[in-house]
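Observations on the model geometry
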Amino acid sequence: MPIPCRRCCVKNAVLKRPKTGDALCKECFFWAFETEIHYTITKAELFNKGDSVAIAASGGKDSTVLAHVMKTLNQQYNYGLNLMLLSIDEGITGYRDDSLETVKQNRDDYEMPLKILSYKDLYGWTMDEIVAQIGRKNNCTFCGVFRRQALDRGAALLGVKCIATGHNADDIAETVLMNVLRGDIARLKRCTAITTGSEGTIPRVKPLKYTYEKEIVMYAHYKKLVYFSTECVFAPNAYRGHARALLKDMEKVRPSCIMDIIYSGETMSVKEQVTLPTQGICTRCKFVSSQEVCKACVLLEGLNKGLPRLGIGKSSKAKRMLEEYNSKQVNGTDLLADAVNDLNDVDLDKSNKIDSKKKECCGNIDTTCNKNKSNCCGGTGKCNNQHSSAVHENGGNQKLNSLLEQYELDESSNIQDTLHPESNGANASDNSDGEYSKEEEDDTCSSSCGKMGSLQIGF
Amino acid sequence: MICKKCDSPKTVVLRQKDFYCDECFMISTNHKFRACLGKNKILAPNEKVLICLSGGVSSSVLLDLIQYGISLENTKKLRIVPFFIHIFDVESKTATDFILEQCKKYNFNVYMVHLSDYLNTSCQLPEQNCIPEVNCDVANQFHSMQNSMPPTARNDLLLTIKRTLFIKYAKLLQCNIVFTAETSNTLAIKLLCNLAVGRGSQVQNDIGFSDTRDEKVRIIRPMRDISKEELDYYIKIKQLYPICNSSINNTNSLQSVIASFVFDLQENFQSTISTVCKTADKIGVCADRTLGKCLICESNFNDVNFKLSALEATSISRTVSFANISSNHNTDLSNIFKNDSHTAVFPLVHKYLCYGCSRIHSEMKRSTLPPHLQIL
């Protein structure tokens, strides 16, 4: 029995919205989805007319949908924004190299300029190399910390007024839960803000803050957007995974709980007597930091000194490790005094080195970007083919199928079958719960590794 | 393996690494209870205190701790005048009998009150130490109200109902203080539940040391530093035999999902519960009483002055999904459904109800509301 669309009552509904339970047809869903984001952007005053805005693009569903919707709304409502894409290449073979091809596809589809910065150029290390040093655990810390700063660097290079990231409602609710479980009151306070960034830094905005992940997947599916849906190959046992698993279980019981958790986070106030860290700038690299030396510099120093675990865990531990390291280097009798002196020297040394490295990087960036540009135009057609098949093969569709089964209304299930003949019959029913939970378990990293600027995670 | 405090052999292992002997363990648990009351300085000498009993593990320990405190004859004597109350539901006949038996053993008097008393407007103290007659009509009305709600909302409302009853009877007995037996485990779960139903701004009153929403009566949680693990040792050593009860027994509610999640995570990360409770201590409350308060849970309303909130975003979602909205982009979407309680996702929010209670209200049958809420 087809259910009529709640809004137009002419066509049959294709999906039930998880946020409010209303059934809508495809056209009305598009309109509602875009109008909501438009409302968020205008009500929260995310942009000013004439601004240049960098969209942090990973090639995943969130950033692809964000780029698409931003372009649509910019034209429709005449925001007057100058949109561009900004990508970070972490250097993860089998993951980021493929997803960057999708971003390049987005660049061509949406006619936006694209800038790619790589960890190799910025920090001298790729994630592959870092994982070889640190192992499979804690590597998300490096990735998250470096990406946060890399985005700031990229935005500065592009000269944009703000960075738009693809964080959706699920991500934010998950971050609230994680910060409660970790007892991180400072992040708990700021993680629900729609605009983040202190004075003097480039602000980040989250236009998809109130948009459910499920609707983003549906929107991308019905609009036939090309996106990359493989999990990061370093998907670790990140603590975030626990919060994510909890949220998914809760969502099944009461879908509205995602918005409720965000509301809780927004209205929660921290007691006055609690001291919170103040955000300043790193004395070395001059980027935003709540410590004297930012986490990115500490992690990088650890890598360069062969002490990859330097930035993992407490700062007192880091100090001890540095002292031990220095005392080994000195071989003198008055070890401690030397070590302390040395620490200061090294600090100076390092900052010089980093400065010179930075210059070097900037040069590299330009060349790589040019290279990318020249490379890609030829390969577009091929990319397109590759990607539509890649999306089909790599299991992203299992998630979509199960979503469709949950939220798509009966009437259109045959459409789904014709779309994906391989999931017909017995497969289709198998797809539901078992597959879904498996997919979720693999999903632990997507917020920290799978997309841009997850600034709440990691360190 | 020997006790951390004295050198006797260990009998108690806490957090998989701390060893105690029975005696040192009992001293430390008793101290936690007394320290929690002592450092907050809320008890005047001979303060009348209403103590809430459920018959479960934590309530049995609370009863025992109080009995011990009162029985002391030195400077450490717990100087309170205790009154006891047990709130029961029809199905829990075993619990009522157990409580009566338990209180008889300690030589305390107890008042038994049925949950459906929430719907009664009359204020009368029941007879002590016996199960009162329950008005079938009222009980049925109460149950049909409960059954009209999904499990999550039902559990959420149940906590508010109990709180309301505690305060009602505390006032009848002229107690200014109420003790509940919530442990750190219960409170960690309660914090996450609060977040999950949009009550983040009410955390201080719902999880903190004291609930000060009522102007006269304060609800105190003196067992908040004691964990379930410690309670289990306590009842084993003291040979108490509580009945197993759990207020969260629906398998398909947010509360049950959270409870099992916290239990599992605590197994692997021993500091989970204490971390969550520490976080709760740092969360404050909206102090602005001028905004008005919720008719159901008595929490102050949140400041609605920020640019955009999840409440508004949800309302917009409903608005744009609704039939009679044209595609005219110039309409001010925010005001269309504000006052229509049949279509709005959050009926009466910030006028009579807080966000969480408004959500509950939208999920229950209106006709079954208690008299003082019928105006809604």
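Numbers given to residues run from 1 along each chain, matching the order in which its sequence is written. Chains carry letters from A onward and ligands carry numbers from 1 onward, assigned in written order. Confidence filtering applies because this is a predicted model: local features only for residues at pLDDT of at least 70, side-chain atom pairs given and counted only at 80 or more, and all residues used for totals across whole chains, interfaces and linings. Derived side-chain values reflect all non-hydrogen atoms in the structure, with water molecules and hydrogen atoms excluded from consideration.

As a reminder, the rule being used: UniProt positions are given in the numbering used here, feature names are shortened, and annotations may be inferred rather than shown by experiment.
Looking at an unreviewed UniProt entry, one finds chain B named Cytoplasmic tRNA 2-thiolation protein 2 and attributed to Arctia plantaginis. Among the UniProt annotations of chain B, the heading Subcellular location (unreviewed entry) holds the following wording: "Cytoplasm". Per UniProt, chain B carries the Sequence similarities (unreviewed entry) text "Belongs to the CTU2/NCS2 family."

If you check an unreviewed UniProt entry, chain A appears there as Cytoplasmic tRNA 2-thiolation protein 1 from Arctia plantaginis. Taken verbatim from the UniProt record of chain A, the Sequence similarities (unreviewed entry) comment is "Belongs to the TtcA family. CTU1/NCS6/ATPBD3 subfamily." Annotation of chain A in UniProt includes, under Subcellular location (unreviewed entry), the sentence "Cytoplasm".

Overview of the UniProt feature "domain: Cytoplasmic tRNA 2-thiolation protein 1 C-terminal" (unreviewed entry) in chain A
Worth spelling out the cut-off: Each helix is a run of DSSP H or I of at least 4 residues and each strand a run of E of at least 2, with the numbering of both proceeding from the N terminus.
The feature "domain: Cytoplasmic tRNA 2-thiolation protein 1 C-terminal" (unreviewed entry), as given by UniProt, occupies residues 281-310 of chain A in the numbering adopted here. Overall, residues 281-310 of chain A shows 33% helix and 10% strand. The separation of its end C-alpha atoms is 20 Å.

With respect to unusual backbone geometry
Residue and element names in this part refer to chain B. Although it is not a glycine, Gln174 adopts a positive phi angle of roughly 55°. The topology assignment puts Gln174 in the loop between α5 (151-172) and β6 (177-179). Phi at Glu298 takes a positive value of approximately 65°, unusual for a residue other than glycine. Along the chain, the position of Glu298 falls in the loop between α10 (272-282) and α11 (310-320).

Observations regarding the pairing of strand β5 (residues 114-118) of chain A
Residue and element names in this part refer to chain A. Rule in force here: For every residue, the accessible area (1.4 Å probe, protein chains only) is compared with the maximum for its type, and the residue is labelled buried under 20%, exposed over 50%, or partly exposed between those bounds. We treat two strands as partners when DSSP finds at least two bridges between them. Call a crossover right-handed when, viewed with both strands pointing away from you, the route from the first strand across the helix to the second goes clockwise.
β5 sits mainly inside the fold: five of its five residues count as buried. Here β5 shows no split at all, with Leu114, Ile116 and Ser118 on one side and Lys115 and Leu117 on the other all buried. With five bridges connecting them, strand β4 (residues 82-89) and β5 associate as parallel partners. Paired with Ser87 across the strands is Ile116, a residue of β5. Assessed by its sense of winding, the connection that carries the chain from β4 through helix α3 (residues 96-110) to β5 is right-handed.

A closer look at the sheet that holds strand β7 (residues 195-196) of chain A
Residues and elements named next belong to chain A. Stated precisely, the cut-off is as follows: Any two residues having at least one pair of non-hydrogen atoms within 4.5 Å are treated as being in contact. With axes taken as lines fitted to C-alpha atoms, and helix axes fitted only over the stretch in contact, angles between N-to-C directions fall between 0 and 180 degrees.
Spatially, six strands are ordered β5-β4-β3-β6-β8-β7 in an open sheet, and the strand pairing comes out mixed. Edge positions in the sheet fall to β5 and β7, since each of these pairs with one other strand and no more. Where β7 lies against strand β8 (residues 204-205), two bridges are found, and the strand directions are antiparallel. In the strand pairing of β8, Thr195 is matched with Val205. Along the sheet, α3 makes contact with β4 and β5, crossing β4 at roughly 170°.

Examining the interface of chain B and chain A
When the parts of a complex come together, some accessible area is lost, and that lost area is often taken as the interface size. How we decide: For any pair of parts, buried area is found by adding up, for both, the accessible area (1.4 Å probe) each one loses once the two are put together. Between Lys or Arg on one side and Asp or Glu on the other, a salt bridge is scored when a side-chain nitrogen of the former is within 4 Å of a carboxyl oxygen of the latter. Here a polar contact is recorded for every N or O atom pair within 3.5 Å, except that within protein the pair must consist of a potential hydrogen donor and a potential acceptor, and residues adjacent in sequence are included only if both atoms are side-chain atoms. Each residue gets one label: Ala, Val, Leu, Ile, Met, Phe, Trp, Tyr, Cys and Pro are nonpolar, Asp, Glu, Lys and Arg are charged, and the others, such as Gly, are polar.
Between chain B and chain A, the residue contacts involve 58 residues of the former and 49 residues of the latter. Where chain B abuts chain A, roughly 4800 Å² becomes buried across the two surfaces, and 65% of that area is made up of carbon and sulfur atoms. Per-residue buried area on chain B facing chain A is highest for Leu195, Lys282 and Leu308 of chain B; these three make up 13% of the total on that side. Our count for the contact surface shared by chain B and chain A stands at three salt bridges. Across the salt bridge formed by Arg254 of chain A and Glu363 of chain B, the nearest N and O atoms sit 3.0 Å from each other. For the interface between chain B and chain A, the tally reads 17 residue pairs in polar contact (both at pLDDT 80 or more). Of all the elements, α11 of chain B adds the most residues to the side of chain B that touches chain A, at nine residues. A breakdown of the residues in the side of chain B that touches chain A according to their chemical character gives 28 nonpolar, 22 polar and eight charged.

A word on the nonpolar core
Put simply, the test is: The term nonpolar core refers to a set of buried residues drawn from Ala, Val, Leu, Ile, Met, Phe, Trp, Tyr and Cys, joined through side-chain atoms within 4.5 Å.
Of all hydrophobic cores here, the largest spans 107 residues; its most connected members are Phe47, Met250 and Ile262 of chain A together with Ile258 of chain B. Looking at which element gives the most residues to this core, the answer is helix α1 (residues 26-43) of chain A, with nine residues. The residues touching Phe47 of chain A, leaving out its near neighbours within four places in the chain, are Ile41, Val53, Met70, Leu81, Cys162, Val205 and Pro207 of chain A. By size, the runner-up hydrophobic cluster in this structure holds 44 residues, among which are Val61, Cys103, Met112 and Ile220 of chain B.

Focus on the confidence of the model for chain B
Residues and elements named next belong to chain B. Rules: As a per-residue measure, pLDDT reflects the predictor's confidence and takes values from 0 up to 100.
Model confidence for chain B is summarised by a mean pLDDT of 82, while 86% of its residues fall at 70 or above. Across residues 327-331, confidence stays below pLDDT 50; counting only partners more than four residues off in sequence or on other chains, it has six contacts. Predicted confidence for residues 336-342 stays below pLDDT 50, and this span has eleven contacts to residues more than four positions away or in other chains.

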